[in-house]
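# Residue-level structure breakdown
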Amino acid sequence: MPTPEAEVEVDVPLVRALLADQHPDLADRPLTVVGNGWDNVLLRLGPDLAVRLPRRAAAATLVEHEQRWLPGLARLVGGVVPVPVPVRTGRPGSGFPWSWSVVPWFPGVPVGDRTGAGSGGAVPRTLAAFVAALHVPAPADAPANPVRAVPLHTRTEAVAARLAAHPVPRAVELAAAWRTAADLPEHAGPPVWVHGDLHPFNLLVAPGPTGDRLSAVVDFGDVTAGDPAVDLATAWLTFGREARADFRRRVTAQDASLDPHTWGRARGWAVSIASALAVSDEASFRAVALRAIDAVLDD
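Since the structure is predicted, the reported quantities are computational estimates derived from the model, not experimental observations. (Residues numbered from 1 in each chain as written. Predicted model: local features only at pLDDT ≥ 70, side-chain atom pairs only at ≥ 80, totals over all residues. Heavy atoms only, no water.)

Here we come to the nonpolar core. Grouped together as the largest cluster of nonpolar side chains are 70 residues, with contacts concentrated most on Phe 130, Val 217, Phe 247 and Trp 263. Element by element, the count of residues in this core is highest for helix α9 (residues 260-278), at nine residues. Those residues in contact with Trp 263, other than ones at most four positions away along the chain, are Leu 232, Ala 235, Trp 236, Phe 247, Arg 248, Val 251, Thr 252 and Leu 258. Counting residues in hydrophobic clusters, the runner-up holds 20 residues, among them Leu 14, Leu 43, Phe 96 and Trp 98. (Core = buried A, V, L, I, M, F, W, Y, C linked by side-chain atoms within 4.5 Å. Buried < 20%, exposed > 50% of the residue type's maximum accessible area, 1.4 Å probe, protein only. Helix = DSSP H or I, 4+ residues; strand = E, 2+ residues; numbered from the N terminus. Contact = heavy atoms within 4.5 Å.)

What follows is the structure, encoded as structure tokens:
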């Protein structure tokens, strides 16, 4: 599944023009493109800031969700791990058609880029505390997301089509695991806040005194309300066997509402996300997918 084509080319001259027009006190800072992802382009702005801009129309609303909801979510989770609350917001201009944000720059690298970074230490403990703090009942006007935190059976057609159309490793076993998860009872509690995209490339780690520490959780564009199982899929996507067991114990100890059905649905979400990563044109995504597929099927 190739990365979508950019609908607007975002480069240093464009972002420099946007800053000069709307935030002139930041316009003379060093500016470098450091990431060009599925939805957004990220540029480092001096030593402590970054500029995050959508590269296609489908992502523009996601940036607006972050601008609207991240300040409040940071009050829930900011004491556990930093999150990229916008420090400045931008509007369309200089030929760029959408809203954009200036956010803090966090030290660290994605867990997905570091072999063994999800193997243990403080990372599962901190991530368990993060999801426990985040997964509280959400307000009625929380953003809707048609593909995350929804009942699993609503995603069956998409997952089955992906497994049938692409050379996903162990596809027959994954399809069976998906059907088992999709048949489980739906989430019966109130819709809770969920990150929605808690895979290893949205988790930053940096060196700590006793090993890697979780330095930030980023990319809240898919934030929504619903079933917490979608976030708990990170157990298989991010961690090795021992760290996964540690993460699960800690999450369950902090949230008495979780039951085996929730973890079963989380395993289903791991099937969905890993199978999508497996057909990416990014080698690092495929490597994470292969580890996650084996974790889901061999646990």
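The next thing to look at is the sheet that holds strand β6 (residues 109-110). Strand pairing in a sheet is mediated by backbone hydrogen bonds. Such pairs are either parallel or antiparallel. If you trace the three strands from one edge of the open sheet to the other, you get β6-β8-β9, paired in antiparallel fashion. Each edge of the open sheet carries a strand with a single partner, namely β6 and β9 (211-217). Packing of helix α3 (residues 122-134) onto the sheet brings it into contact with β8 (203-208) and β9, and relative to β9 it is tilted by some 25°. (Pairing = 2+ DSSP bridges. Axes fitted to C-alpha atoms, helices over the stretch in contact; angles between N-to-C directions.)

Before going further, it helps to spend a moment on the packing of α9 against helix α10 (residues 283-298). Viewed as axis vectors pointing N to C, α9 and α10 meet at an angle of 150°, and their least axial separation amounts to 8 Å. Relative to α10, the element α9 is oriented roughly antiparallel. Where α9 crosses over α10, the handedness of that crossing is left-handed. On α10, the residues touching Arg 267, Ala 270, Val 271, Ala 274, Leu 277 and Ala 278 of α9 are Phe 285, Arg 286, Val 288, Ala 289, Ala 292, Ile 293, Val 296 and Leu 297. Considering only residue class, the contact of α9 with α10 consists of 12 nonpolar, no polar and two charged. (Parallel < 35°, antiparallel > 145°, perpendicular 65-115°, else oblique. Left-handed = near helix turned anticlockwise from the far one by under 90°. Nonpolar A, V, L, I, M, F, W, Y, C, P; charged D, E, K, R; others polar.)

The final tally for this structure, using the stated rule, is 15 salt bridges. Where Arg 52 meets Asp 219, a salt bridge forms, and the shortest distance between an N and an O atom there is 2.9 Å. Pair noted here: Arg 52 is in strand β3 (residues 49-54) and Asp 219 is in the loop between β9 and β10 (224-226), with a separation of 167 residues, a long-range link. Here Arg 52 falls in the buried class, since its relative accessible area comes to 14%. Connected through salt bridges with shared partners, the residues Arg 170, Glu 173, Asp 294 and Asp 298 form a single ionic network. (Salt bridge = Lys/Arg side-chain N within 4 Å of Asp/Glu carboxyl O.)

Pairing in this open sheet of five strands is antiparallel, and the strands run β1-β2-β3-β5-β4 from one edge to the other. Looking at which strands have only one partner, the edges of the open sheet turn out to be β1 (31-36) and β4 (88-90). The average angle at which neighbouring strand axes cross in this sheet is 25°, direction not considered. As defined by bridge partners, strand β2 (residues 40-45) adjoins β3 across six bridges and the pair is classed as antiparallel. Bridge pairing in β3 places Leu 43 opposite Val 51. Sheet strands in contact with helix α1 (residues 12-22) are β1, β2, β3, β4 and β5 (100-104), and its direction is about 120° off that of β1.

Inspection of every chain in the model, using the stated rule, returns seven aromatic pairs. On the numbers, 6.4 Å between centres and 70° between planes, the contact of Trp 236 with Trp 263 is edge-to-face. Residue Trp 236 is located in helix α7 (residues 234-238), and its partner Trp 263 is located in helix α9; the two are separated by 27 residues in the primary sequence. With respect to class, Trp 236 is no different from Trp 263; both count as buried. Consider the rings of Phe 247 and Trp 263, whose centres lie 6.5 Å apart with planes at 85°: the pair is edge-to-face. (Phe/Tyr/Trp six-rings, centres within 6.5 Å; stacked < 30°, edge-to-face > 60°.)

Right, let's talk about α1 for a bit. Along α1, the residues that are buried comprise Leu 14, Val 15, Leu 18, Leu 19 and Gln 22. Taken end-on, α1 shows its buried residues confined to a sector of 130°, consistent with a single buried face. Check the buried side of α1 and you find it contacts β1, β2, β3, β4 and β5. (Arc of directions from axis to C-beta.)

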